[in-house]
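What follows is the residue order along each chain.
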Amino acid sequence: MPRWALAYVSAIENINYRIGRVAMLLLFVIMGILLYSSITKFARVPSLWTLEMAQFTLVAYYLLGAPYSMQLGAHVRMDLLYAAMPARRRALWDVFTIFCLIFYLGVMLWGAWGSTAYSLSINERAPTAWRPPLWPIKMIITFSFFLMILQATVHLIRDIAILRDAEIPPFLAANGRKNKGYAR
């Protein structure tokens, strides 16, 4: 494989790995917000912001973790027929499905970009008592779709390498463990 492809794969996987590891910590933020909400409700001084903030944090947790999950191969897959295929046939099938995924994510990114731009232009706010601005979470959604497209192109490059009998070594995490998502 060309050096640029190896550098691209390494850079994107490194970015998605780091963002995914930070996104995992958002689960503790959600727990803290909901704990605070429970305490204030018990003390009979409920907060207006806790439910929406927990929802926004959950969206960030889920969507920023999606490229990381794809990188690790932790996403849901129907392996009924796929697992029995030889590596080259799986790679060929993956090339087809990755193009479908990139098209889908491209449409989602286009819609998210338009929604974010609109939200910024009118300073859109949630129609609730707290009335938080919606552009920050929409930017996170847009950024997440962009990261997913980048990770999908990494999968495409890996599959093309398998078809050319030039497999790219698995991503090594910061702790030195191999990524199990690319085991063929």
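Residues numbered from 1 in each chain as written. Predicted model: local features only at pLDDT ≥ 70, side-chain atom pairs only at ≥ 80, totals over all residues. Heavy atoms only, no water.

> Please explain the packing of helix α4 (residues 87-122) against helix α5 (residues 135-163) as it appears in this structure.
Put simply, α4 and α5 touch, their axes get as near as 8 Å, and they point 160° apart. With respect to their mutual orientation, α4 and α5 come out roughly antiparallel. Crossing of α4 against α5: the hand is left-handed. Considering only residue class, the contact of α4 with α5 consists of 25 nonpolar, 7 polar and 4 charged. (Axes fitted to C-alpha atoms, helices over the stretch in contact; angles between N-to-C directions. Helix = DSSP H or I, 4+ residues; strand = E, 2+ residues; numbered from the N terminus. Parallel < 35°, antiparallel > 145°, perpendicular 65-115°, else oblique. Left-handed = near helix turned anticlockwise from the far one by under 90°. Nonpolar A, V, L, I, M, F, W, Y, C, P; charged D, E, K, R; others polar.)

> So what exactly am I meant to see when it comes to α5 here?
An α-helical turn contains 3.6 residues, so a residue and the one three or four places further along point in the same direction. For α5, spanning 29 residues, the distance from its first C-alpha to its last is 42 Å, which sits close to the expected 42 Å at 1.5 Å a residue. Backbone geometry just downstream of α5 places D165 in the positive-phi region, at approximately 55°. (Expected span 1.5 Å × (residues − 1).)

> Whenever I open this one, the nonpolar core confuses me. Can you help?
As a rule of thumb, soluble globular proteins bury nonpolar side chains together. Membership of the largest hydrophobic core comes to 16 residues, with the highest contact counts inside it found for V9, L64, I157 and I168. Broken down by element, the residue count for this core peaks at 6 residues, all from α5. With residues up to four places along the chain from it excluded, the contact list for I168 reads M1, L6, V9, I157, R158 and A161. L105, L109, F145 and L156 belong to the second largest nonpolar core, which has 11 residues in total. (Core = buried A, V, L, I, M, F, W, Y, C linked by side-chain atoms within 4.5 Å. Buried < 20%, exposed > 50% of the residue type's maximum accessible area, 1.4 Å probe, protein only. Contact = heavy atoms within 4.5 Å.)

> Looking at this structure, how should I read a nonpolar patch on the surface?
A cluster of nonpolar side chains, Y36, L48, W49, M53 and W130, forms an exposed patch at the surface whose accessible area comes to about 470 Å². Structurally, the position occupied by M53 is in helix α3 (residues 50-72). (Patch = residues over 30% accessible without salt bridge, like charges linked within 9 Å, V, L, I, M, F, W, Y side chains within 5 Å. Areas by Shrake-Rupley, 256 points an atom, 1.4 Å probe, with all protein chains shown as cover. Salt bridge = Lys/Arg side-chain N within 4 Å of Asp/Glu carboxyl O.)

> Got a minute to help me understand the side chain of T40 in this structure?
Following the sequence through the fold, T40 ends up in helix α2 (residues 26-42). In this view, T40 contacts V45, P46 and S47; residues no more than four positions away in its chain are not counted.

> Would you take a moment to explain helix α1 (residues 3-24) for this structure?
Spanning 22 residues, α1 covers 31 Å between terminal C-alpha atoms, matching the ideal 32 Å at 1.5 Å per step. Among the residues of α1, those classed as buried are A5, V9, I12, E13, N16, Y17, G20 and A23. Axial view of α1: buried residues confined to an arc of 140°, hence all on one face. Among the exposed residues of α1, those pointing more than 90 degrees away from its buried face are R3, W4 and V22. Buried-residue contacts for α1 involve α2, α3 and α5. (Arc of directions from axis to C-beta.)

Geometric descriptors of this kind do not, in isolation, establish any biological role.
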